[in-house]
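An overview of the molecular structure
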Amino acid sequence: MISVIVPCFNEEEAIPLFFTEMEKVKRKMAHELEYIFVNDGSKDGTLNILRQLAKQNNFVRYISFSRNFGKEAALYAGLQAAIGELVTVMDVDLQDPPELLPQMIEMIESADIDCVGTRRADRKGEPPIRSFFAKKFYQLINRISDTEMVDGARDYRLMTRQMVDAILELTEHNRFSKGLFSWVGFKTEYISFENRERAAGETSWSFWKLFNYSIDGIVNFSDAPLNIASFVGAFSCLVAVVAMIFIIVRALIFGDPTSGWPSLVTIILFIGGVQLLCIGIIGKYIGKIFMETKKRPVYIVKETEKKLEQ
Ligand code: UDP
Ligand code: MG
């Protein structure tokens with residue numbers, strides 16, 4: 001059996017489209033399918049649609065959160081609930097083409113691989129500035145982190161039970177799935193497809209949300225910023241010592257007590273800035289540690305399809 005995990009946040013328009021599309025694909029497959037929709041605290045009619053779907057089809061399950069916990073939490077909940085031998089995660093907006101699934105299944109069953117990922121061959125239809133920063137992000141993170149992240153790779157992937165269990169063993173609170181999928185290792189192969197627009201509804205990712213998400217990715221998978229902070233600190237110390245010697249020697253030779261005020265202010269401002277920056281970087285990591293030590297659950301379930309059976 002294959003488990004299909006679908007995170008949904010305000011997707012009342014997209015879910016019916018997705019379901020019909022997916023059912024079409026299912027007819028071409030020899031496998032049994034279970035759907036696990038995760039309602040991530042939607043404010044529209046998403047939950048009602050899911051209730052209906054689950055009532056009409058016994059292979060549809062859903063998990064509904066008590067509030068919006070984010071896509072990462074939704075994926076985690078779905079992976080925990082899945083019982084299939086193969087598990088796939090898919091966006092509901094049809095940006096992850098369901099028709100690729102048969103090909104992915106074939107690949108994972110014929111070759112000796114544990115995961116088939118997908119990547120967008122292009123970023124057509126996306127604002128250029130977003131593509132630019134996305135590209136820079138992947139360059140940066142791959143340079144400073146040991147965990148490889150593939151540019152353009154989507155969360156859409158098909159995994160074996162073994163790999164899913166490995167991911168479930170990572171119980172951290174700050175979940176950056178792209179990194180986690182890669183961190184657990186296993187053999188992954190990618191297939192490319194052309195970028196497509198959302199079938200319905202709107203993206204819930206603003207530029208700032210994406211920016212913060214990328215900072216999360218860096219902080220969760222690399223300690224390079226801390227090293228950079230130490231390096232900048234050490235470097236400015238060195239410069240300060242050289243400048244000090246220079247100033248003392250100059251004062252001894254020329255004896256010029258009042259000049260040098262502007263340079264002094266500049267130096268104070270510079271050092272102050274460096275210190276604040278470094279404290280900020282350290283603060284980011286401490287914030288993450290703070291969240292982890294509280295050991296709060298990643299999500300809270302309010303309702304599942306079991307309620308319908310009662
Ligand atoms: N999503 C979610 N929780 C959120 C935001 C998004 O479960 O807080 C889901 C959303 O319903 C969709 C998927 O994550 O199925 C991808 O979201 P979206 O299409 O908005 O992102 P994009 O494709 O623009 O990156
Ligand atoms: Mg989308």
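Here the structure is shown first, and the text comes after it.
Model, not experiment: these values are computed from the prediction. (Residues numbered from 1 in each chain as written. Chains lettered and ligands numbered in written order. Predicted model: local features only at pLDDT ≥ 70, side-chain atom pairs only at ≥ 80, totals over all residues. Heavy atoms only, no water.)

1. Re the pattern of salt bridges
Where charged atoms from two side chains of opposite charge come close, those side chains can pair. If you walk through the whole model with that rule in mind, you get twelve salt bridges. The partner of Asp-216 in a salt bridge is Lys-288, and the shortest N-O contact between them spans 2.6 Å. Separated by 72 residues along the polypeptide, Asp-216 in helix α8 (residues 207-221) and Lys-288 in helix α10 (residues 261-294) bring together distant segments of the chain. (Salt bridge = Lys/Arg side-chain N within 4 Å of Asp/Glu carboxyl O. Helix = DSSP H or I, 4+ residues; strand = E, 2+ residues; numbered from the N terminus.)

2. Remarks on the site of ligand 1
Near ligand 1 you find 18 residues, and of these Glu-11, Asp-40, Asp-93, Gln-95 and Thr-203 are the closest. Between ligand 1 and Asp-40 there is a distance of 2.6 Å, counted from a nitrogen atom to a side-chain nitrogen or oxygen. For ligand 1, an oxygen atom lies 2.6 Å from a polar atom in the side chain of Asp-93. About the coverage of ligand 1: the protein hides 92% of its 530 Å² of free accessible area. A class-by-class count of the residues in the shell around ligand 1 yields five nonpolar, five polar and eight charged. (Near = heavy atom within 4 Å. Polar contact = N/O pair within 3.5 Å; in protein donor to acceptor, adjacent residues only side chain to side chain. Areas by Shrake-Rupley, 256 points an atom, 1.4 Å probe, with all protein chains shown as cover. Nonpolar A, V, L, I, M, F, W, Y, C, P; charged D, E, K, R; others polar.)

3. Describing the packing of helix α5 (residues 128-144) against α8
The geometry of α5 relative to α8 is characterised by a closest axis approach of 10 Å and an angle of 5° between their N-to-C directions. One element, α5, and the other, α8, form an angle in the roughly parallel class. Between α5 and α8, the contacting residues are Arg-130, Phe-133, Phe-137, Leu-140, Ile-141 and Ile-144 on the first element and Phe-207, Leu-210, Ser-214, Gly-217 and Ile-218 on the second. When its residues are assigned to classes, the contact of α5 with α8 shows eight nonpolar, two polar and one charged. (Axes fitted to C-alpha atoms, helices over the stretch in contact; angles between N-to-C directions. Parallel < 35°, antiparallel > 145°, perpendicular 65-115°, else oblique. Contact = heavy atoms within 4.5 Å.)

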